[in-house]
Amino acid sequence: MTIGVVVFPGSNCDRDVGWAAEGCLGIPTRFLWHEERDLNGLDAVVLPGGFSYGDYLRCGAIARFAPVLEEVAEFAARGGPVLGICNGFQMLTELGLLPGALTRNSRLHFICEPTALTVRPGSCLWLSGYGEDEEINLPIANGEGRYQCEPSTLEAMEQSGQVVLRYQNNPNGSVGDVAGLCNPAGNVLGLMPHPERACDPRTGGLDGQRLFASLLG
C-alpha cells in the first residue's frame, strides 16, 4: 500500500498528510509534484489542503488543469481511491469528480476551529472504519468552505448515500450541512474538515486516523 500526495505551489498540508499516513500508520507515502503524470505503484491518491496556485480565480480552478490531475481523474475512473481535503475537495468539484461548488463562507470569515460531524459512511471506501451516524470531531480551516449545489442535486445525493459527512453545527452555511461527499462508486471522497490533523491525541485527537487506516483493510 502506497499513497501518493499531490503537491501544488501553495499546498501547505501535504506534509501533514504524509505524517498522518506514514508517521502514524506506517503507510508509505510518495509526494507527486503537480507537473508529474506517473501514478504507477500507487494504491491511493490524496489532494491535500492549502492554497494551490495562490487560489487565484476560484479555489481549485487553476489546479484543475494541472497535468497530474488528468492522471488522477483517470485513476479515479478506474476505481482508484482518491481523497480531496479542503482545497482538494474544491479541486474535485472543479474536476467534475464531485458535484457542486465550494464558495465563500456565509459570514465571509476564515474559520479555524474543531467541528462536530456526523458520519454516514454508506459505501464510501474511505469511511469504512466508521459507524453509521457516528459522531466525530475534526478541525476545519477554510475561508471558502460553503458547499453549494442545486436542490435537486442535493436530493439525488442524499437518496444515493453520497452525503457522507454532515456538520452538526454548520459553521459556514453549507447547504444540507454538507461537510463531505463521495461519488456513487464510493472511491472518491471530498471533505472540508482535516482528518490528517486528528491522527494524534497531542494535535487534535484520533478521530481522523481511521479514515487513512481504512486503506489497510
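Just above sits the structure.
One structure accompanies this document, and this report is about it. (Residues numbered from 1 in each chain as written. Predicted model: local features only at pLDDT ≥ 70, side-chain atom pairs only at ≥ 80, totals over all residues. Heavy atoms only, no water.)

1. A closer look at the overall build of the protein
Using the following cut-off: Strands are runs of DSSP state E lasting at least two residues, helices are runs of H or I lasting at least four, and both sets are numbered from the N terminus onward. Every radius of gyration here is taken over C-alpha atoms, with the globule rule written as 2.2 Å times N^0.38, N being the number of residues. Contact between two residues is taken to exist if any of their heavy atoms lie within 4.5 Å; hydrogens are not considered. A residue counts as positive if it is Lys or Arg and as negative if it is Asp or Glu; His and the chain ends are not included. By convention, the charge on Lys lies at NZ, on Arg at CZ, on Asp at CG and on Glu at CD.
Helices and strands together make up the secondary structure of the protein, namely 5 helices and 11 strands. Computed over its C-alpha atoms, the radius of gyration of the protein comes to 15 Å, within 12% of the 17 Å expected for a compact globule of 217 residues. Its C-alpha atoms put the protein at 40 × 35 × 30 Å along the principal axes. Contacts spanning at least 24 positions in sequence make up 72% of the contacts within the protein whose residues lie at least 6 apart. One way to put it: in the protein the 14 positive side-chain charges average out to a point 3 Å from where the 25 negative ones average out.

2. Some points on the pattern of salt bridges
Counted only if it meets this: By definition, a salt bridge exists where a carboxyl oxygen of Asp or Glu is found within 4 Å of a side-chain nitrogen of Lys or Arg.
Inspection of every chain in the model, using the stated rule, returns 8 salt bridges. Between glutamate 158 and arginine 166 there is a salt bridge, with the nearest N and O atoms lying 2.6 Å from each other. Salt bridges sharing partners connect three or more residues here, namely Arg37, Glu70 and Glu71.

3. Quick word on the sheet that holds strand E4 (residues 82–85)
Using the following cut-off: Paired strands, in this sense, are two strands between which DSSP finds at least two bridges. Comment: axis = line fitted to C-alpha atoms, over the contacting stretch for helices; angle = value between 0 and 180 degrees taken between N-to-C directions.
Pairing within the open sheet is mixed, and its 9 strands lie in the order E2-E1-E3-E4-E11-E10-E9-E6-E7. Either end of the sheet is taken by a strand with one partner, and the two such strands are strand E2 (29–33) and strand E7 (134–142). In this sheet, neighbouring strand axes are inclined to one another by 25° on average, regardless of whether the strands run parallel or antiparallel. Across 3 bridges, strand E9 (residues 163–167) lies against strand E10 (residues 178–182) in antiparallel orientation.

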